[in-house]
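Observations on chain architecture
Residue-level listing of the chains:
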Amino acid sequence: MGSSSAAVVLAVVALVAVLELGLVGANFLDQCDITWQPQNAKFDEGGDHLTLSLVSNSSGCMLRTKKQFIFGSISTLIKLVKGNSAGTVTTYYTSSIGDNHDEIDFEFLGNETGQPYTFHTNVFADGVGQKEMQFRPWFDPTADFHNYTIFWNPCMIVWFVDSIPIRVFRNHAAEGVPFPTRRPMYAFSSIWAAEDWATQGGRVKTDWSKAPFVAEYRGLSLRVCECSTAGCSDGCGAAGNWYAAPDLCKLTDRQLHEMRSVQLGYTIYDYCDHPEKYNGTVPPECGMPQY
């Protein structure tokens, strides 16, 4: 096997390890700072287990990695708020800081007891967002921990749930579609109140008698290209990095089949199906290949 073929194989193995077995080499206590209302965060298990609590409509909690990065795989296990979680939003996302920001979102919108969560995904590039896709989970995300991964490389962004890709956003910057490539991001986790919109468009409000609302996180994997200085984005974008291997610029046949099954059975909103939001037309990437 040639050196380039071996590198591709190792890159694929590395990504599979992150998605299925990873969450090693970092923990919340060592690798993160609480940037908002630290009294509502609790660490145990040596920093590998984290709880974030929402106690009132003016409180919540936010955690941010100490590292900034461009590209890689960012994973954690989350158990969402149990019971009546209406009006609450639990998040796991990456974002740059400053104007015209870049951001890749997992947001989990709570619901009334017995009603399913909404998994909300979005991407911002150069400050341009409104690229939402939403899904119903095919499991109870409050009963146990599940793996949520954002994989980001120069070719595409992939959102994974338990190793299953649920969405791809491909780099069509050459065709004028903004794609995040140069702004270093942090990874964030948070819980906050959004009863004005989060549950059934704001129709169902939060029952504050049920507070505190608690989301649990366990394990953290940051297989990223650390980048916090001027010019470091060039090195992170170089072809030799593990996440830029040719086989990681597309889904495998199995992954494509799994994603299509999820999207067919569990998609509840796709911005590309709503031209009314864009004066009768949809963004150009909606007509471009994503997979």
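None of these values were measured; they are calculated from a predicted model. (Residues numbered from 1 in each chain as written. Predicted model: local features only at pLDDT ≥ 70, side-chain atom pairs only at ≥ 80, totals over all residues. Heavy atoms only, no water.)

1. Some words on the overall build of the chain
From N to C terminus, the chain includes 4 helices and 15 strands. Taking 2.2 N^0.38 as the reference for a compact globule, 291 residues should give roughly 19 Å; the C-alpha atoms of the chain span a radius of gyration of 19 Å, in line with that estimate. Seen along its three principal axes, the alpha-carbon backbone of the chain occupies a region of about 60 × 50 × 35 Å. Burial status across the chain gives 53% buried among its 291 residues. In the structure as shown, the chain presents an accessible area of about 12600 Å², 52% of it carried by carbon and sulfur atoms. (Helix = DSSP H or I, 4+ residues; strand = E, 2+ residues; numbered from the N terminus. Rg over C-alpha atoms; globule rule 2.2 N^0.38 Å. Buried < 20%, exposed > 50% of the residue type's maximum accessible area, 1.4 Å probe, protein only. Areas by Shrake-Rupley, 256 points an atom, 1.4 Å probe, with all protein chains shown as cover.)

2. Description of the state of the cysteines
For the structure shown, the criterion picks out 4 disulfides. Linked covalently through their sulfurs, Cys272 and Cys286 form a disulfide whose S-S length is 2.0 Å. Where Cys272 bonds to Cys286 through sulfur, the torsion about that S-S bond is close to -80°, and the disulfide is left-handed. With Cys272 in the segment after β15 (267-270) and Cys286 in the segment after β15, this residue pair connects regions lying 14 residues apart in the sequence. Cysteine pairing for the chain, with bonded cysteines counted in sequence order: 1-6, 2-5, 3-4, 7-8. Free of any disulfide, Cys32 has its nearest cysteine sulfur in Cys61, 11 Å distant. Residue classification places Cys32 among the buried residues on the basis of a relative accessible area of 6%. (Disulfide = S-S within 2.5 Å.)

3. What about the UniProt feature "glycosylation site" (unreviewed entry) in the chain?
Mapped onto this structure's residue numbering, the UniProt feature "glycosylation site" (unreviewed entry) falls at Asn111. Structurally, the position occupied by Asn111 is in the loop between β7 (103-109) and β8 (118-124). The class of Asn111 is buried, set by a relative accessible area of 5%. Among all residues touching Asn111, those that are not within four sequence positions of it are Gly83, Asn84, Ser85, Ala86, Pro116, Thr199 and Gln200. (UniProt positions renumbered as here; feature names shortened; annotations may be inferred. Contact = heavy atoms within 4.5 Å.)

4. Points about the environment of Lys205
Considering the arrangement of structural elements, one finds Lys205 in the loop between β13 (186-193) and β14 (213-226). Sequence spacing of Lys205 and Thr88 is 117 residues, and the spatial spacing of their C-alpha atoms is 9.2 Å. If we skip the residues at most four places from it in the chain, Lys205 touches Ala86, Glu195 and Asp196. Engagement of the side chain of Lys205 in a polar contact is seen with the backbone oxygen of Gly202, the distance being 2.9 Å. (Polar contact = N/O pair within 3.5 Å; in protein donor to acceptor, adjacent residues only side chain to side chain.)

5. Quick look at the sheet that holds β8
The 8 strands are arranged β1-β4-β13-β6-β7-β8-β9-β15 in an open sheet whose pairing can be described as antiparallel. Edge positions in the sheet fall to β1 (32-36) and β15, since each has one partner strand and no second. The sheet shows a mean angle of 15° between the axes of neighbouring strands, taken without regard to direction. Pairing geometry for β1 and strand β4 (residues 61-65), over 4 bridges, is antiparallel. (Pairing = 2+ DSSP bridges. Axes fitted to C-alpha atoms, helices over the stretch in contact; angles between N-to-C directions.)

6. A few points about the pattern of salt bridges
Throughout the structure, instances matching the rule amount to 9 salt bridges. With its nearest N and O atoms 2.6 Å apart, the salt bridge here joins Arg183 to Asp126. In this pair, Arg183 sits in the loop between β12 (164-170) and β13 while Asp126 sits in the loop between β8 and β9 (133-135), placing the two residues 57 residues apart along the sequence. The exposure class assigned to Asp126 is partly exposed, which follows from its relative accessible area of 37%. The shortest N-O distance in the salt bridge between Asp207 and Lys210 comes to 2.7 Å. On the basis of relative accessible area, Asp207 is assigned to the partly exposed category, the value being 26%. Lys210 gets classed as partly exposed once you look at its relative accessible area, which sits at 46%. Through salt bridges with shared partners, a single ionic network connects Asp102, Asp126 and Arg183. (Salt bridge = Lys/Arg side-chain N within 4 Å of Asp/Glu carboxyl O.)

7. Re the layout of surface pockets
One number sums up the size of the second largest pocket: a volume of about 200 Å³. Forming the boundary of the second largest pocket are 14 residues, of which Leu109, Trp197, Ala198, Gln200 and Gly201 lie nearest the centre. Counted by class, the lining of the second largest pocket contains 5 nonpolar, 8 polar and 1 charged residues. (1 Å grid on protein atoms, 1.4 Å probe; cavity = no way out; pocket = protein on both sides within 12 Å on 5 of 7 lines; lining within 4 Å. Points joined across faces, edges and corners; volume = space filled by probe spheres on them. Nonpolar A, V, L, I, M, F, W, Y, C, P; charged D, E, K, R; others polar.)

8. Topic: the packing of aromatic side chains
A complete count under the given rule lists 19 aromatic pairs for this structure. When the ring of Phe69 is compared with that of Trp152, the centres are 6.4 Å apart and the planes differ by 65°; the resulting orientation is edge-to-face. Here Trp152 lies in strand β10 (residues 146-152) and Phe69 lies in strand β5 (residues 69-79), a separation of 83 residues in the sequence. Accessibility assignment for this pair places Phe69 and Trp152 in one class, buried. In this structure an aromatic cluster arises from ring pairing among Phe106, Phe108, Phe119, Trp138, Phe139, Tyr148 and Tyr266. Between the NZ or CZ atom of Arg64 and the centre of the ring of Tyr186, over which it lies, the distance is 4.0 Å. Here Arg167 stacks its cationic end above the ring of Trp159, 4.7 Å away from the centre of that ring. (Phe/Tyr/Trp six-rings, centres within 6.5 Å; stacked < 30°, edge-to-face > 60°. Lys NZ or Arg CZ within 6 Å of the ring centre and 35° of its normal.)

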